[in-house]
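Chain by chain, the residues:
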Amino acid sequence: MGVLTSSYTIDKIVDFKESNLDPDKVILWIWHANKIPPHIGISSEGKYFSLKSTGKDVNLPIDQVIQLIQRKSIKTLAVELNIDVNTVDLDTVFDHYSITKSNQVTCLTPIKNVLQMRSPSKLEHLLSELSEMKVIRKFVGFNIDASFQGIPNYSVEDIHSRLETLEHES
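Our subject in this report is the structure included herewith. Small disclaimer: the values here were computed from a predicted structure and weren't measured. (Residues numbered from 1 in each chain as written. Predicted model: local features only at pLDDT ≥ 70, side-chain atom pairs only at ≥ 80, totals over all residues. Heavy atoms only, no water.)

Here we look at helix H4 (residues 123-132)
Listed in full, the buried residues belonging to H4 are Leu 123, Glu 124, Leu 126, Leu 127, Glu 129 and Leu 130. Just downstream of H4, Lys 134 is the residue with a positive phi angle, here 60 degrees. (Buried < 20%, exposed > 50% of the residue type's maximum accessible area, 1.4 Å probe, protein only. Helix = DSSP H or I, 4+ residues; strand = E, 2+ residues; numbered from the N terminus.)

Below you can see the structure in the form of structure tokens.
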């Protein structure tokens, strides 16, 4: 297998143990940050939300999310943002979705809606827009080693192919 190129390079990742990650801030969670495609969720006020092929997570305590990441050694990035989104906003947006659906709804869909983003189709676009807006405070890594360069390069087709696979598994 060839070397994976990064679609979004991250210059500085602070290890979780030294990060002072603020659970009350808006945090974008990038699960399996080394995989194609990664999965994303969002949290605010210490509560986590995510849309998945098997349903959704709503109002999960951040402590449980962090425990799962650590217990399963999942390569995860937490992107602390300097924007205002509260759990009421998250509840309202996530209420409109039940599961991801290939070629229709991805884990990014409710997140870009709640963040009122133009129309990113992939994580790299979302991160680029957030970077342009200068609202990324820091990247915090869980189980991320020095070889990690950034979000792997992947296509929209890769996302929908993965969702199709997950739909057939459930």
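Observations concerning the sheet that holds strand S4 (residues 39-44)
Pairing is mixed in the open sheet, where 7 strands are placed in the order S2-S8-S7-S3-S4-S5-S6. Strands at the two margins of the open sheet, each flanked by one partner only, are strand S2 (13-15) and strand S6 (55-61). Taken over all neighbouring pairs, the strand axes of this sheet differ in orientation by 25 degrees on average, direction set aside. The pairing of strand S5 (residues 47-52) with S6 spans 5 bridges and is classified as antiparallel. Opposite Ser 50, over in S6, you have Asp 57 as the bridge partner. (Pairing = 2+ DSSP bridges. Axes fitted to C-alpha atoms, helices over the stretch in contact; angles between N-to-C directions.)

Comments concerning the pairing of S4
Burial of S4 is extensive: 5 of the 6 residues sit out of reach of the surface. Following S4, the chain reverses through 2 residues before pairing antiparallel with S5; Glu 45 in that reversal takes a positive phi of roughly 50 degrees.

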